[in-house]
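Observations on the three-dimensional arrangement
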Amino acid sequence: MARRLPLSKLHISKRLKWARNHMPYGDKWMAVLFSDDKKWNLDGPNGNIKYWHDLRKEPRSFFSRQSGGGSVMVWSAFGFNGQVGLTFLGGRQNSPKYTEKLENHLMPFAENIGGRNWEYQHDNLPIHTSNATKIYLNSKNVTVLEWPPMSPDLNQIENVWDIVSRKVYGN
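Notes on the structure in this doc start here. Since the structure is predicted, the reported quantities are computational estimates derived from the model, not experimental observations.

Scoring rules and cut-offs
- Here the residue index of a chain counts from 1 through its sequence in written order.
- Owing to the predicted nature of the model, reporting of local features is limited to residues with pLDDT of at least 70; listing and counting of side-chain atom pairs is limited to 80 or more, with chain, interface and lining totals taken over all residues.
- Think of the side-chain values as coming from all heavy atoms in the structure, minus any hydrogens and water.
- Secondary structure counts use DSSP, requiring at least four H or I residues in a row for a helix and at least two E residues in a row for a strand, with both numbered from the N terminus.
- Only protein chains enter the accessibility calculation, which uses a 1.4 Å probe; a residue whose area is less than 20% of its type maximum is buried, one above 50% is exposed, and one in between is partly exposed.
- To measure how exposed things are, a 1.4 Å probe is used in the Shrake-Rupley method; for residues, cover is taken only from the protein chains shown.
- Think of a salt bridge as a Lys or Arg side-chain nitrogen and an Asp or Glu carboxyl oxygen that are within 4 Å of each other.
- Polar contacts here mean pairs of N or O atoms no more than 3.5 Å apart (in protein, one a potential hydrogen donor and the other a potential acceptor; neighbouring residues in sequence count only if both atoms are side-chain atoms).
- In what follows, a contact means two residues having at least one pair of non-hydrogen atoms within 4.5 Å.

**Quick notes on the overall build of the protein**
Assigned secondary structure in the protein consists of five helices and six strands. Helices and strands appear in the protein in the N-to-C order α-β-β-β-β-α-β-α-α-β-α. Buried residues in the protein amount to 32% of all 171 residues. Accessible surface, the protein as shown: approximately 12,100 Å² in total, 54% of it carbon and sulfur.

Shown next as structure tokens:
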């Protein structure tokens, strides 16, 4: 079974409230830019190996390097009117690197697809909710879509990452 974090009653309540508040969004969803980053381990998936284990047989295993096989991390965003190309990320991410990524990749794309008439979605990672990031986004007059806690499954870009992950880890 895949590991996951448990949802508390508060998480469930906030997610439900968010969904009810956004049900009447209608055509406004077409102006939302969904974003996320994704890390792929070069020596195989991280903890999502699934198989049926016959208890009468020895469990199967897979090999990985002792120090790991390295990884690649990317970021992208997309909306109804197009997508930002993959941006490869180097090293640990922090607020200054995140705002630089937004300045160099998101802002030019967003201005080309509709000027200021869009909302930006990112999750609740600390680098996304930091004061530095909030100040940067406010200075650019970017409206950020409120996002409930523990809700990666609500982000449309997760479907893209799933498709790409199947290709990356296919063999």
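**Description of the pattern of salt bridges**
Counted under the stated rule, the structure contains two salt bridges. Across the pair Lys140 and Glu103 runs a salt bridge, and its minimum N-O distance is 3.3 Å. Taken together, the residues span a long stretch of sequence, with Lys140 in the loop between α4 (131-139) and β6 (143-144) and Glu103 in helix α2 (residues 95-114) at a distance of 37 residues. Classification of Lys140 as partly exposed rests on a relative accessible area of 25%. Two residues, Arg166 and Asp162, come together in a salt bridge whose shortest N-O distance is 2.9 Å. Here Arg166 and its partner Asp162 are both found in helix α5 (residues 157-168), four residues apart, which amounts to about one turn of the helix. Given the relative accessible area of 36%, Asp162 is considered partly exposed.

**So, the side chain of Ser35**
Inspection of the secondary structure puts Ser35 in strand β1 (residues 32-41). We classify Ser35 as buried; its relative accessible area is 2%. Only 2.8 Å separates the side chain of Ser35 from the side chain of Tyr120, close enough to count as a polar contact. When near neighbours in sequence (up to four residues on either side) are disregarded, Ser35 contacts Trp75, Ser76, Ala77, Tyr98, Tyr120, Gln121, His122, Asn155 and Ile157.

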